[in-house]
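Per-entry structural report
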There are 2 protein chains.
Amino acid sequence: MPQAVAGPEIERLIQLLARMPGLGPRSARRAALQLIKKRDTLLGPLADAMRVAADRIIVCTSCGNVDTSDPCTICRDAERDPTTLVVVEDVSDLWALERSGAVKARYHVLGGVLSALDGVRPEHLNLASLVERVARPEVTEVILALNATVDGQTTAHYVTESIRHCDAKVTRLAHGVPVGGELDYLDEGTLSAAIRSRTAF
Amino acid sequence: MPQAVAGPEIERLIQLLARMPGLGPRSARRAALQLIKKRDTLLGPLADAMRVAADRIIVCTSCGNVDTSDPCTICRDAERDPTTLVVVEDVSDLWALERSGAVKARYHVLGGVLSALDGVRPEHLNLASLVERVARPEVTEVILALNATVDGQTTAHYVTESIRHCDAKVTRLAHGVPVGGELDYLDEGTLSAAIRSRTAF
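Residues numbered from 1 in each chain as written. Chains lettered and ligands numbered in written order. Predicted model: local features only at pLDDT ≥ 70, side-chain atom pairs only at ≥ 80, totals over all residues. Heavy atoms only, no water.

1. Structural notes on the relation of the copies chain B and chain A
Quick reminder of the rule: We place the copies in one frame by least squares, fitting the C-alpha atoms of every residue whose pLDDT is at least 70 in both. Whether two residues are in contact is decided by their heavy atoms, any of which lying within 4.5 Å being enough.
Laying chain B over chain A is done by rotating through 180° and shifting 0.0 Å along the axis; what remains is an RMSD of 0.1 Å. One copy is carried onto the other by what is essentially a two-fold rotation axis. If distances are taken from each C-alpha of chain B to the rotation axis, the shortest is found for Ala47 of chain B, at 2.3 Å. A high fraction, 100%, of the interface residues of chain B reappear at the interface in chain A, so the copies pair face to face through one surface.

Here you go:
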């Protein structure tokens, strides 16, 4: 966009918005205009919320979650089962599991998965502290909640090897038909896994 | 998302991001996480840019454009043709025309179009100041750059009536085949208009 249209402040806002995931150059312009129109109800509060987040959010030194306190809200929650650790790749996976409400345990965020292609090696992951946490006597189960991709499963194997010397049982998420899923649309690997792991009805 | 996952600061950031155009609840979570990961390169600067925009952006009292100065950069630009006024519905249309570089004139942003369905009446639009601007002796042409929709064309007719007593010539954008467009995909109305307004080759 030529310089003359709007002041440098608007240009800079558009350029930064365009770097957000889910927004391109065109939608960033639309978003900037909408924000300016809703200045008091959205732009101002969003600026404040981002400033607070930028100043106060830290990574939990225990589990790798992001929060405004260290240890994080989940690590401090006394009602959670201390015997189980759920290993996830990323904070977004932790949030997804929490939304499901399926497990009331503590987490360990690896911060990525091993990937030869992307050059991610074991020392890049949050692994040393995982081994140390699993070695604690109260931990009896480690649930590997990693993506069912090649990299995710490679990482699962590596994590299993790393904590083999501990007493904790290592489990992984079940493979099968997604709830609400149609068989016709599923791949052969998923269907095979679902048949193999069939349960009594 | 249950309250326990992250502090209220992150929750609030996600809720506000979800209100931005182009982001839903799910993509707002992803965006929030990306912003937190790029705290120093994106979240902090974006917070500052939004704060500056919220504090300093104003609506130009002459044309209705948004800028950090009043009159806006375009109204102050002495190199622009003072004889022509381009009437647009919204600031986004002004930006689009400026990107095209097709016209070096001044603009007038109506702030909407007449719409019986949405209850937008003439008094809701930035019309009085348009009539006043067109009445100035230096203005000899008014280009109606409004959307080729029913509401846009209704508004075009209304604007034409409102400034009929002025001496300025009123023109509208040409209808025709979009550059790069394929005839097979165009509607009959556009093709008819393109045939009617055919030009020598």
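2. Description of the interface of chain B and chain A
Put simply, the rule reads: We define a salt bridge as a contact between a side-chain nitrogen of Lys or Arg and a carboxyl oxygen of Asp or Glu at a distance within 4 Å. Here a polar contact is recorded for every N or O atom pair within 3.5 Å, except that within protein the pair must consist of a potential hydrogen donor and a potential acceptor, and residues adjacent in sequence are included only if both atoms are side-chain atoms. Per the convention used, a helix needs a DSSP run of H or I reaching at least four residues, while a strand needs a run of E reaching at least two, with both numbered from the N terminus. When residue character is reported, Ala, Val, Leu, Ile, Met, Phe, Trp, Tyr, Cys and Pro are called nonpolar, Asp, Glu, Lys and Arg charged, and the others, Gly included, polar.
Taken together, the contact pairs 59 residues of chain B with 59 residues of chain A. Note that Arg56 of chain B and Glu9 of chain A form a salt bridge whose closest N and O atoms lie 3.0 Å from each other. Where chain B packs against chain A, one counts 14 residue pairs in polar contact (both at pLDDT 80 or more). Looking at the side of chain B that touches chain A, the elements with two or more residues in it are helix H1 (8-17), helix H2 (25-37), helix H3 (39-56), strand S2 (66-67), helix H4 (73-76) and helix H5 (91-100) of chain B. The leading source of residues in the side of chain B that touches chain A is H3 of chain B, at 16 residues. Across the side of chain B that touches chain A, the residue classes tally to 34 nonpolar, nine polar and 16 charged.

3. Overview of the domain arrangement of chain A
It is common to report an interface's size as the accessible area lost on association of the parts. Rules: Segmentation of the chain into domains, including their bounds, is taken from an automatic or database domain assignment.
Split by domain assignment, chain A resolves into domain 1 (8-56) and domain 2 (73-172). Placing a centre on the C-alpha atoms of domain 1 of chain A and another on those of domain 2 of chain A gives a separation of 34 Å.

4. Quick look at the side chain of Ser69 of chain B
All names here are of chain B. With respect to the helices and strands, the residue Ser69 is situated in the loop between S2 and H4. Polar contacts involving the side chain of Ser69 include one to the main-chain carbonyl oxygen of Pro71, which spans 3.3 Å. Looking at Ser69, its side chain comes within polar contact range of the side chain of Arg76, at 2.8 Å. If we ignore the near neighbours within four places in the chain, the residues touching Ser69 are Ile58 and Arg76.

5. Overview of the layout of surface pockets
To locate leftover empty space, one rolls a probe as large as a water molecule over the atoms. All names here are of chain A. Heads up, the rule is: Cavities and pockets were defined on a 1 Å grid built from protein atoms only: a cavity is a group of points that admits a 1.4 Å probe but offers it no way out, a pocket is an open group of points flanked by protein on both sides within 12 Å along at least five of seven lines, and a lining residue is one with an atom within 4 Å of any such point. Grid points are joined across faces, edges and corners, and a volume is the space filled by probe spheres set on the points.
When its volume is computed, the largest pocket comes out at roughly 390 Å³. Around the largest pocket, the lining is made up of 18 residues, and of these Ala145, Leu146, Asn147, Ala148 and Leu173 lie nearest the centre. For the lining of the largest pocket, the element with the most residues is helix H5 (residues 91-100), which contributes four residues. Its residues placed into classes, the lining of the largest pocket shows 10 nonpolar, six polar and two charged.

6. Description of the nonpolar core
The test is simple: In this description, a nonpolar core means a group of buried Ala, Val, Leu, Ile, Met, Phe, Trp, Tyr and Cys residues linked to one another through side-chain atoms lying within 4.5 Å. Summary of the burial criterion: residues with accessible area below 20% of their type's maximum are buried, those above 50% are exposed, and those between are partly exposed, where the area comes from a 1.4 Å probe applied to protein chains only.
Leu17 and Met50 of chain A together with Leu17 and Met50 of chain B are the most contacted members of the largest nonpolar core, which has 80 residues in total. With residues up to four places along the chain from it excluded, the contact list for Leu17 of chain B reads Met20, Leu46 and Met50 of chain A together with Leu23, Ala28, Ala31, Ala32 and Leu35 of chain B.

7. What about the packing of helix H3 (residues 39-56) of chain A against H1 of chain B?
Note the following rule: For every element, the axis is a line fit to its C-alpha atoms; helices are fit only across the contacting stretch, and the angle between N-to-C directions ranges from 0 to 180 degrees. If you view the pair so one helix is near and one far, a crossing is left-handed when the near helix is turned anticlockwise from the far one by less than a right angle, and right-handed when it is turned clockwise.
Where H3 of chain A contacts H1 of chain B, the axes come no closer than 9 Å and their chain directions differ by 145°. When the axes of H3 of chain A and H1 of chain B are compared, the crossing they make is left-handed. Within the contact between the two elements, H3 of chain A uses Leu42, Pro45, Leu46, Ala49, Met50, Val52, Ala53 and Arg56 of chain A and H1 of chain B uses Glu9, Arg12, Leu13, Leu16 and Leu17 of chain B. Here the contact of H3 of chain A with H1 of chain B is built from residues that sort into 10 nonpolar, no polar and three charged.

8. Notes on the sheet that holds strand S6 (residues 169-172) of chain A
All names here are of chain A. The line we're drawing: Note: two strands are recorded as paired if DSSP finds a minimum of 2 bridges between them.
If you trace the four strands from one edge of the open sheet to the other, you get S4-S3-S5-S6, paired in parallel fashion. Looking at strand neighbours, the two that pair on one side only are strand S4 (105-109) and S6, the edges of this open sheet. On average, adjacent strands in this sheet sit at an angle of 25° to one another, irrespective of strand direction. With five bridges connecting them, strand S3 (residues 81-88) and S4 associate as parallel partners. Along S4, the bridge assignment pairs Val87 with His108. Across the face of the sheet, H5 comes into contact with S3 and S4 while running at roughly 160° to S4.

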